[in-house]
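Report on the structure
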Amino acid sequence: MKKFSFLGWPILTGILAALLILQFLPNFNVQEVNKVEIRETFIPEQTHSIKRISYADAVDRASPAVVNIFTQTVVRENNNPLIADPFFRQFFNQDRLPQQQERIQSSLGSGVIISRQGYVVTNNHVISGADTIIVSLQDGRESIATVIGSDPETDLAVLKINLTDLPSITLSTSDAHLRVGDVVLAIGNPFGVGQTVTMGIISAIGRNSIGLNTYENFIQTDAAINPGNSGGALIDPDGNLLGINTAIFSQSGGSHGIGFAIPASVARKVMQDLIEHGRVIRGWLGIEVQELTPILAESFGVTDRQGLIIAGIFRNGPAHQAGLQPGDILLALNGEPPSTARLTMSRIARIRPGEKARMEILRDGREMSLIATIGERPQIR
């Protein structure tokens, strides 16, 4: 025991020190010796030095009016290819021919509720040929939709759903204020994953040589648009509808940063005509025009003039009745020189049927003026 006696005083001293600490520092915690000190600073939502950029308010305003569209089409097909061929079919007993098998083909897209009355605008290619159309809202409600009308020439269609307390989107008042570089958001249902929001800018305006529709005036954007986004909304940072997302330029089927949307002003006009008249009313002259290339301009002797060649005329159409002839050169329409064939046809389409159109033409080197009464463009089915 003597060999451990030298430990007595140190142990006693430690015990006394511990008693003193507990007496005078009752809140002392040994674990706090190894605690890491972390300084935290509370940042209020609104400060002048820190600005948080967010488009959440715009999405909150617009997204409830963006819907998912599911279509079902019954496809009938024969298992035996010989039965489908009219030549071989005549050799079979008609009463014993096997019945055609049916399968359901499904597809998806998006749409935008334009009116609280239940009118939904989408793309014509989303619902074309569908036997059943189901519209699904953000709040979980669903409704079978009826087709009010469609317009293949702009690739737009109007549906109607019968639900109460519907949200609706606010349309932009004008396309004139759009500028390349403006921030835009695309809302839709890509690949069926559910409502998705992507952001980009306006890459170009007035795209009209894409070859997708008869009447093109696309807003081009790099906001990601993928399969399933067709018919969805392109909105501004305030949540207003700028356009209906329609197509992408892609070699793989995915987004490459080149997407196209139909301006809201076009969608509004098409929707109103389809609801009120069941068709889109457009002006019509009954002409086919061709660009005046430098070689053609030289052959016609109009190298210093801008114009379009009248390549064809519909018999008894408005232009034919006004005296226009193939080979004439259109120098001006209602006092405005034509730019391109596509834009000129779009200008004619915007003139209401029954109104007069003044055409300045060049025929055999002589300038003439003709007055035509605009007709209504025949419907394309």
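Throughout what follows, the structure given in this document is the object of discussion. (Residues numbered from 1 in each chain as written. Predicted model: local features only at pLDDT ≥ 70, side-chain atom pairs only at ≥ 80, totals over all residues. Heavy atoms only, no water.)

Turning next to the nonpolar core. Formed by 42 residues in total, the largest nonpolar core has its most connected members in Ile169 and Leu241. Of the residues forming this core, the biggest block, five residues, is contributed by helix α6 (residues 264-277). Other than its neighbours up to four places away in sequence, leucine 241 contacts Val112, Ile114, Ile169, Thr170, Leu171, Ser172, Ala233, Leu234, Ile235 and Ala264. Grouped together as the second largest cluster of nonpolar side chains are 20 residues, Ile310, Ile348, Ala357 and Ile374 included. (Core = buried A, V, L, I, M, F, W, Y, C linked by side-chain atoms within 4.5 Å. Buried < 20%, exposed > 50% of the residue type's maximum accessible area, 1.4 Å probe, protein only. Helix = DSSP H or I, 4+ residues; strand = E, 2+ residues; numbered from the N terminus. Contact = heavy atoms within 4.5 Å.)

Scanning the model with the defined rule gives ten salt bridges in all. Between arginine 141 and aspartate 139 there is a salt bridge, with the nearest N and O atoms lying 3.1 Å from each other. Overall, the relative accessible area of 26% leaves arginine 141 in the partly exposed class. The partner of glutamate 376 in a salt bridge is arginine 279, with the nearest N and O atoms 2.7 Å apart. In this pair, glutamate 376 sits in strand β20 (residues 375-376) while arginine 279 sits in the loop between α6 and β14 (283-284), placing the two residues 97 residues apart along the sequence. The exposure class assigned to glutamate 376 is partly exposed, which follows from its relative accessible area of 30%. For arginine 279, a relative accessible area of 29% gives the class partly exposed. Counted as one network, the salt bridges with shared partners bring together Asp151, Glu153, Arg282 and Arg377. (Salt bridge = Lys/Arg side-chain N within 4 Å of Asp/Glu carboxyl O.)

Relative to the assigned elements, aspartate 151 resides in strand β6 (residues 146-151). Within the local environment of aspartate 151, its side chain forms a polar contact with the side chain of threonine 154, the two groups lying 2.5 Å apart. Every residue in contact with aspartate 151, bar those within four places of it in the chain, is listed here: Asn124, Leu156, Val270, Val280 and Arg282. (Polar contact = N/O pair within 3.5 Å; in protein donor to acceptor, adjacent residues only side chain to side chain.)

Moving on, we come to the pairing of strand β7 (residues 156-160). Extensive coverage of β7 is indicated by the burial of five of its five residues. With burial as the criterion, each face of β7 is covered, one bearing Leu156, Val158 and Lys160 and the other bearing Ala157 and Leu159. Here strand β3 (residues 119-123) runs beside β7; their pairing, made up of five bridges, is antiparallel. Counterpart to valine 120 in the pairing with β7 is leucine 159. As judged from the five bridges shared by β6 and β7, these two strands associate in the antiparallel manner. (Pairing = 2+ DSSP bridges.)

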